[in-house]
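Results of the structural survey
Single-letter residue listing:
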Amino acid sequence: MARRAAAPAGPLGDDFSFVSPLVKYVLFFFNLLFWMISMVMVAVGVYARLLKHAEAAMACLAVDPAILLIMVGVLTFLITFCGCIGSLRENICLLQTFSVCLTIVFLLQLAAGVLGFVFSDKARGKVSEIINGAIVHYRDDLDLQNLIDFGQKEASGDCCGGVSYKDWSQNMYFNCTAANPSRERCSVPFSCCLHDANQTVINTMCGHGMQARGYLEASAFIYTNGCIDKLVNWIHSNLFLLGGITLGLALPQLVGIILAQLLINQIRDQIKLQFYNQQHQADPWY
């Protein structure tokens, strides 16, 4: 009677699998989606990079949006490649690599958020440094120029420069010294200008000579406040929105980590089952 009770162990080993097809293919398609997105990011970044003049492109690699897009795309491609192939082939090594990399990225994002909140003054100084570097290379990179113009007109809420509109004197074309031969001397970009709802044609020369004017006089034509203060005030006013965006970015990462660990445990259980069956194939009750 004892042997008959143990008899179902044989059929269970032959037909049963611990690996859930649902977990396996959800993780596969999850990674496949982000894998394709990463390839699009890399393609767009490379295309934007190749369109630029070689000398101008080499002048500001640190602030080039195309380079940033390529780097993020390549990193995403490598991580999702491990998750995609690892889930499809049930490869524990690739799945562990995917899980560890995704965990590191998640922890780095969390640490950056915490450090940025705790050391807000230093974070402000770093942001100011980045903005000043972008101002210096404004005319060197068309993508960077469009990004700054968008930030001054739309994203930061109508502002000009880092701390004030006179920060544009750091740019060699807008520099306000008498020795500057540029036609744009003492000017600011047109994105600093006040908006006129009735204006149908944009006056790109509206910021001409504004740095030579005082704050009150210049404020009648351009935005004189810097973008850093605008950005800080916007962050303080939209903490719940930023929290929601952060959660939206973190949630797919947490889902990927949980699914990967779940699949790894299922694959290990399946390996143990196969090993057990191989050891007991000669048993009379198998």
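Residues numbered from 1 in each chain as written. Predicted model: local features only at pLDDT ≥ 70, side-chain atom pairs only at ≥ 80, totals over all residues. Heavy atoms only, no water.

Some details on a nonpolar patch on the surface
Quick note on the threshold: Each patch is built from residues that are more than 30% exposed by relative accessible area and take part in no salt bridge. Like charges join if they lie within 9 Å; nonpolar side chains (Val, Leu, Ile, Met, Phe, Trp, Tyr) join within 5 Å. Residue-level accessible areas treat just the shown protein chains as cover; the underlying method is Shrake-Rupley with a 1.4 Å probe. Within this document, salt bridges are pairs made up of a side-chain nitrogen of Lys or Arg and a carboxyl oxygen of Asp or Glu, the two lying within 4 Å of each other. Only DSSP runs of H or I reaching four residues or more are called helices, and only runs of E reaching two or more are called strands; each is numbered from the N terminus. When a residue's accessible area, from a 1.4 Å probe over protein chains only, is under 20% of the maximum for its type it is buried; when over 50% it is exposed; and in between it is partly exposed.
On the surface, V127, L231, W234, I235, L239, L241, I245 and L249 cluster together into a nonpolar patch covering about 670 Å² of accessible area. If you list the elements that add at least two residues to the nonpolar patch, you get α10 (227-237) and α11 (239-279). For the nonpolar patch, the element with the most residues is α11, which contributes four residues. Its place among the elements puts L231 in helix α10. Owing to a relative accessible area of 33%, L231 belongs among the partly exposed residues under this scheme.

Quick notes on the UniProt feature "transmembrane region" (unreviewed entry) in the protein
Short version of the rule: UniProt positions are given in the numbering used here, feature names are shortened, and annotations may be inferred rather than shown by experiment.
Feature annotation in UniProt places "transmembrane region" (unreviewed entry) on residues 25-48, 60-88, 94-119 and 239-264, given in this structure's numbering. Structurally, residues 25-48 is divided into 100% helix and 0% strand, and its ends, taken at the C-alpha atoms, are 34 Å apart. Taken end to end, residues 94-119 is 96% helix and 0% strand, and its first and last C-alpha atoms sit 37 Å apart.

Quick word on the pattern of salt bridges
Across all of its chains, the model carries four salt bridges by this definition. Salt-bridge contacts for R139 lead to E184; the nearest nitrogen and oxygen are separated by 2.4 Å. A residue pair is termed long-range when its members are at least 10 positions apart, and R139 in the loop between α7 (120-136) and α8 (142-155) and E184 in the loop between α8 and α9 (215-218) qualify at 45 residues. Among the ionic pairs, E217 bridges to R213, the shortest N-O distance being 3.9 Å.

Observations regarding the packing of α7 against α10
Two numbers describe a pair of packed helices, the interaxial angle and the distance between the axes. To be explicit about the condition: Here, axes are lines fitted to C-alpha atoms. For helices the fit covers the stretch in contact, and angles between N-to-C directions go from 0 to 180 degrees. Roughly parallel covers angles under 35 degrees, roughly antiparallel covers those over 145, roughly perpendicular covers 65 to 115, and oblique covers all other angles. Handedness of a helix crossing follows the sense of rotation of the near helix relative to the far helix, less than a right angle counterclockwise being left-handed and clockwise being right-handed. Contact criterion: two residues are considered in contact whenever any of their non-hydrogen atoms come within 4.5 Å of each other. Under the convention adopted here, Pro, Cys and the residues Ala, Val, Leu, Ile, Met, Phe, Trp and Tyr are nonpolar, Asp, Glu, Lys and Arg are charged, and Gly plus all remaining residues are polar.
Two numbers describe how α7 lies on α10: the axes approach to 10 Å, and their chain directions differ by 135°. For the element pair α7 / α10, the angle class is oblique. α10 is crossed by α7, and the crossing has right-handed handedness. Judged by residue contacts, R124, V127, S128 and I131 of α7 engage I228, D229, L231 and V232 from α10. Of the residues that constitute the contact of α7 with α10, the class distribution is five nonpolar, one polar and two charged.

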